[in-house]
Amino acid sequence: MNASTPASIHADHPEPLWIQAVNLIKDQLGTGVLKPGGRLPPERELCERLGISRVTLRKALRTLVDEGMLSASHGRGWYVASSAGATTREWPNSLESFTETARQMGLTPSSTVLRHEVVPANLDEAEQLAIAPGTPLFVLERVRLLNDVPTALDLTQVPAEFVPGFADLDFSTGSLYEHIAAVGLDPVKANATIEAREADDYLAGHLQLEVGKPVLMMRQLVLSGADTPLFSSMVCYRGDRYRLRTFFLRMGGAVPPPRVQR
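Bear in mind the structure is a predicted one, so any value in this text is a computation, not a measurement. (Residues numbered from 1 in each chain as written. Predicted model: local features only at pLDDT ≥ 70, side-chain atom pairs only at ≥ 80, totals over all residues. Heavy atoms only, no water.)

Trainee: Which parts of the structure should I look at to understand the overall build of the protein chain?
Mentor: When you go through the protein chain residue by residue, the secondary structure sums to seven helices and eight strands. In the protein chain, of all internal contacts separated by at least 6 residues, the share reaching a separation of at least 24 is 60%. Carbon together with sulfur atoms contributes 52% to the accessible area of the protein chain, which is approximately 13300 Å² in total. (Helix = DSSP H or I, 4+ residues; strand = E, 2+ residues; numbered from the N terminus. Contact = heavy atoms within 4.5 Å. Areas by Shrake-Rupley, 256 points an atom, 1.4 Å probe, with all protein chains shown as cover.)

Shown next, in the form of C-alpha cells:
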C-alpha cells in the first residue's frame, strides 16, 4: 500500500471497518501494488492512512494471515506471502462485469464466442424477461478466460430491441456491460441464485475439466433501477477458480441477501 493510495474505509459503510481493511489490502495485492515477499508499512503508519485503530488493523491483518496472503514476523512486521499471487482470488459482491472484476485484479479477460445470434424467446425466457413469447432475443454464449485460462461458461440473453446491432459486434475481447452502457441501459441490481453441480461433457470440454468435477452455476436476472428486466445470464464457473465474498448484516432481526456480481 503506497503513500499515494487514498484510504477508502468509511465508518458509515455497512461492512465492518476490519473487513473494509481486508478488502483494501486484497485490492492492493490484486493490482500488484503490494508484491509477494514485500513488507507492509509499520502498523502506526497503516492506521493513520486507513483511519482505523490498531486493534481493528490487527484483526484485518490476522485474517489475511489465516487466508495465507500475509505472514507475520515477530518484531519485524507484516509481509506479503510469497505465494499470495497464486491464491484463489475472491470475487466481490457488487454488481460488476467479468471484465471489470478481472481488470481490478490485474488479470487479462478475454472470451471465446460460441453463440452470437438473435432467436425468438421461448415461453420460459419470455416470462423471466417480462416479454411476449417469440420476441427476438440476442443470445451470447462465451467461454470466459482470465490470462488465457478458461474460468467460466457464460450464456446471456437480452431482448434484441434493447441492443440494436449487437449481433455485429466482436465480443471476443469487448465487454457486454460496456456495450450495454453505450446504448443507454443502466444495470443497477440483480436477482441471483448460485448452486453447485457436476460438470457434464459440454461444460467439461469448454472449461478443461474432467466430467463430474464441481462447478458453481449462477443464474442471474439483471434489472434497471425501475425493476425492469434488462437481461438474464447463466454463468458456470470452475469450482477451483471462483470464490464469492459477501457479508451479512443483522437489521431488526432480518438478514439481507448478499449482493452478487457477474
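From this point on, the discussion continues.
Trainee: Would you take a moment to explain the environment of Ala60 for this structure?
Mentor: Locating Ala60 in the fold gives a position in helix α3 (residues 54–66). Taking relative accessible area as the criterion, Ala60 reaches 0% and is therefore assigned buried. For the pair Ala60 and Ala21, spaced 39 residues apart in the sequence, the C-alpha separation amounts to 6.1 Å. Residues contacting Ala60, with those up to four places away along its chain left out, are Trp18, Ala21 and Val22. (Buried < 20%, exposed > 50% of the residue type's maximum accessible area, 1.4 Å probe, protein only.)

Trainee: Which parts of the structure should I look at to understand the sheet that holds strand β6 (residues 189–198)?
Mentor: The strands making up a sheet associate through backbone hydrogen bonding, with each pair oriented either parallel or antiparallel. Overall, antiparallel pairing links the six strands, which are arranged β3-β4-β5-β8-β7-β6 in an open sheet. Looking along the sheet, the strands with just one partner apiece sit at the ends: β3 (109–120) and β6. Here the strands of the sheet are splayed against their neighbours by 15° on average, with no regard to which way each runs. (Pairing = 2+ DSSP bridges. Axes fitted to C-alpha atoms, helices over the stretch in contact; angles between N-to-C directions.)

Trainee: Help me out: how do you make sense of the nonpolar core in this one?
Mentor: One recurring pattern in soluble globular proteins is that nonpolar side chains are buried together. Within the largest apolar cluster, 20 residues are counted, with the highest numbers of intra-cluster contacts made by Leu40, Leu50, Leu57 and Leu61. Within the residue set of this core, elements represented by two or more residues are α1 (17–30), α2 (43–50), α3 and β2 (77–80). Here this core takes five residues from α1, the largest share from any one element. Contacts of Leu61, omitting those with residues within four sequence positions, involve Ile25, Leu40, Leu70 and Trp78. Within the second largest apolar cluster, 13 residues are counted, among which are Val163, Leu176, Leu185 and Val222. (Core = buried A, V, L, I, M, F, W, Y, C linked by side-chain atoms within 4.5 Å.)

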